[in-house]
Amino acid sequence: MQDRFLKSIANLPEALAKAIVPMLDKDFAGHLDALQIEELKTASQLTEQDLLLALLPIAAALARVPISNFYVGAIAKGKSGDIYMGANLELAGEALFHSVHAEQSAISHAWLSGERQIEDVIVNFSPCGHCRQFMNELVEGQKVNIHLPEQKTQPLSHYLPYAFGPTDLNITEPLLTKQQHELTLDSSDPMIIEAVDHAGLSYAPYTKNYAAVVLETKDGLTFSGRYAENAAFNPSMLPMQMALSNMARHNRDFSEINRAVLIESSKGIVSLVGATMDALHAVAAIELEHIVVEPE
């Protein structure tokens, strides 16, 4: 079991702790499939809602919070029945807008894993306005059920009434809908190919800046992030934020970053290069490779 979960295990019911410890191996990064959830329900004799609430300490252990020291864990349950954990992330010494909220982390985890719809979000503290607005961008976002400890489960519409969202800007394919933007770049570099692929799957209906970041560690592994825009603009999640959150979930230190690539579309009406370089230089002493590609 990974050391970062030692304190969390002590906060779990004994039967649940015993059942989940074997799942928290060196490769665990916050994903449990539907079959594993059923196994944990059987072992713990908990209802699914009580089980997911009980697992929040595991999700919160994924957090990196050098500024606030406030650990927030979130779990996004997909329509598939799988769950995806996430946690808040802060960059020491950097502007607060670089921070990733736990709900963003969990939802981006689900998106990168191929999930197409989130039905439930379980979180250990009430979602802030930023997160409520971010969740409203999802497929049927107003219907997403929000689960909090010792609170009645309510849909997002309860927490964000009279919401402004993608439909107000005539967007009919919201976040997590399968995106496929054809971008062309002649390269045999696997890392650049990976970045182009993720940029093609990114969600940027408001600026058309289809973008992605891929980070490579010194042992050759890669961690990606895609741009996820929001109708209210500010809760948008930058691809660098998503890639760093991805690394944190996988328990990798940012000092291990050996290479970083940003791909963005030439047709975008904004550029993410400045914010991306700021975040990168806050965690690693390497230069950003910035490539602008033409859409087909």
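Residues numbered from 1 in each chain as written. Predicted model: local features only at pLDDT ≥ 70, side-chain atom pairs only at ≥ 80, totals over all residues. Heavy atoms only, no water.

Before going further, it helps to examine the sheet that holds strand β8 (residues 211-217). Read from one edge to the other, the open sheet built from five strands follows the order β7-β11-β10-β8-β9, with strand pairing classed as mixed. Two strands in the sheet have a free side with no partner beyond their single neighbour: β7 (183-184) and β9 (222-226). Together, β8, β9 and β10 (257-265) form the strand contacts of helix α10 (residues 239-249), whose direction differs from that of β9 by roughly 140°. (Pairing = 2+ DSSP bridges. Helix = DSSP H or I, 4+ residues; strand = E, 2+ residues; numbered from the N terminus. Contact = heavy atoms within 4.5 Å. Axes fitted to C-alpha atoms, helices over the stretch in contact; angles between N-to-C directions.)

A cluster of nonpolar side chains, Met1, Leu6 and Val21, forms an exposed patch at the surface whose accessible area comes to about 240 Å². Mapped onto the elements, Val21 comes out in the loop between α2 (14-20) and β1 (31-32). Val21 gets classed as partly exposed once you look at its relative accessible area, which sits at 31%. (Patch = residues over 30% accessible without salt bridge, like charges linked within 9 Å, V, L, I, M, F, W, Y side chains within 5 Å. Areas by Shrake-Rupley, 256 points an atom, 1.4 Å probe, with all protein chains shown as cover. Salt bridge = Lys/Arg side-chain N within 4 Å of Asp/Glu carboxyl O. Buried < 20%, exposed > 50% of the residue type's maximum accessible area, 1.4 Å probe, protein only.)

Right, let's talk about helix α9 (residues 190-200) for a bit. Those residues of α9 that sit buried are Met191, Ile192, Ala195, Val196, His198, Ala199 and Gly200. In this structure Asp189 caps α9, since a side-chain oxygen of it lies 2.9 Å from the backbone nitrogen of Met191. (Polar contact = N/O pair within 3.5 Å; in protein donor to acceptor, adjacent residues only side chain to side chain.)

The subject of this paragraph is the nonpolar core. One recurring pattern in soluble globular proteins is that nonpolar side chains are buried together. In terms of nonpolar packing, the biggest core is built from 70 residues, with Leu215, Leu244, Phe254, Ile257 and Ile263 touching the most fellow members. With residues up to four places along the chain from it excluded, the contact list for Ile257 reads Leu215, Glu216, Thr217, Leu244, Met247, Val283, Ala284 and Ile286. (Core = buried A, V, L, I, M, F, W, Y, C linked by side-chain atoms within 4.5 Å.)

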